[in-house]
Amino acid sequence: MSDALGPDDLVLCVNAAPNHVTGRPVPLRAGETYRVVSVMEFACPCGRSDALLDVGVDFGWCQSRFRLLPKPKLESRPRRVSAPKEKETAR
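Bear in mind the structure is a predicted one, so any value in this text is a computation, not a measurement. (Residues numbered from 1 in each chain as written. Predicted model: local features only at pLDDT ≥ 70, side-chain atom pairs only at ≥ 80, totals over all residues. Heavy atoms only, no water.)

Description of the overall build of the protein chain
Part 1 of the argument: Scanning the protein chain from N- to C-terminus turns up 0 helices and 6 strands.
Part 2 of the argument: Element order for the protein chain, N to C, with α for helix and β for strand: β-β-β-β-β-β.
Part 3 of the argument: Relative to the 2.2 N^0.38 estimate, which gives 12 Å for 91 residues, the radius of gyration of the protein chain is 23 Å and therefore markedly larger than a compact globule would have.
Part 4 of the argument: Projected onto its principal axes, the C-alpha coordinates of the protein chain cover approximately 90 × 25 × 20 Å.
Part 5 of the argument: Burial analysis of the protein chain (91 residues in total) assigns 26% to the buried set.
Part 6 of the argument: Look at the contacts in the protein chain between residues 6 or more apart in sequence, and 49% of them connect residues 24 or more apart.
Part 7 of the argument: Of the roughly 7400 Å² that the protein chain leaves accessible, carbon and sulfur atoms contribute 52%.
Part 8 of the argument: Taking the 14 positively charged and 11 negatively charged side chains of the protein chain as two groups, their mean positions are separated by 11 Å. (Helix = DSSP H or I, 4+ residues; strand = E, 2+ residues; numbered from the N terminus. Rg over C-alpha atoms; globule rule 2.2 N^0.38 Å. Buried < 20%, exposed > 50% of the residue type's maximum accessible area, 1.4 Å probe, protein only. Contact = heavy atoms within 4.5 Å. Areas by Shrake-Rupley, 256 points an atom, 1.4 Å probe, with all protein chains shown as cover. Lys, Arg positive; Asp, Glu negative; His and termini not counted. Charge placed at Lys NZ, Arg CZ, Asp CG, Glu CD.)

Points about the sheet that holds strand S4 (residues 52–54)
Part 1 of the argument: Taken in spatial order, the 3 strands line up as S3-S4-S5 in an open sheet, and their pairing is antiparallel. Strands with a single pairing partner mark the edges of an open sheet, and in this sheet they are strand S3 (38–40) and strand S5 (61–62).
Part 2 of the argument: The sheet contact formed by S3 and S4 spans 3 bridges and is antiparallel. Bridge pairing in S4 links Val39 to Leu53. (Pairing = 2+ DSSP bridges.)

Comments concerning the sheet that holds strand S2 (residues 33–35)
Part 1 of the argument: Judged by pairing direction, the sheet is antiparallel, and its 3 strands sit side by side in the order S2-S1-S6 without closing on themselves. Both outer strands of the open sheet, S2 and strand S6 (66–68), are each paired with one neighbouring strand and no more. Within the sheet, the average angular offset between the axes of one strand and its neighbour, ignoring direction, is 40 degrees. (Axes fitted to C-alpha atoms, helices over the stretch in contact; angles between N-to-C directions.)

With respect to the nonpolar core
Part 1 of the argument: Counting residues in hydrophobic clusters, the biggest one holds 13 residues, and the most contacted among them are Val11, Leu28, Tyr34, Leu53, Val55 and Phe66.
Part 2 of the argument: Ignoring anything within four residues of it in the chain, the contact list for Leu28 reads Cys13, Ala16, Tyr34, Val55, Val57, Trp61, Arg65 and Phe66. (Core = buried A, V, L, I, M, F, W, Y, C linked by side-chain atoms within 4.5 Å.)

Observations regarding the packing of aromatic side chains
Part 1 of the argument: Per the counting criterion, the structure on display carries 1 aromatic pair.
Part 2 of the argument: Taken together, a centroid distance of 6.3 Å and an interplanar angle of 80 degrees make the contact between Tyr34 and Phe66 edge-to-face. Of this pair, Tyr34 sits in strand S2 while Phe66 sits in strand S6, and the two are 32 residues apart along the sequence.
Part 3 of the argument: Looking at Tyr34, the relative accessible area reads 10%, which means it is buried. (Phe/Tyr/Trp six-rings, centres within 6.5 Å; stacked < 30°, edge-to-face > 60°.)

Structure, rendered in structure tokens:
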């Protein structure tokens, strides 16, 4: 799964359980979106993922805590502008 994630990807935190290794509470919040700063190719000590993520909060987090969000589309669609039709008055 680490090859699917990269820097600047948006991820959704789905698991804000205590730290896998230390048992301490984590500063992440379930349901919040984070931007990946870097992907560290080290296996998590819990054995659930093959990489740790740096999301700019505290230290590396197990990849199993997050789900990749789709990238926003940058395509701009031309908008139709409705202008009132001018009517000629006949006398």
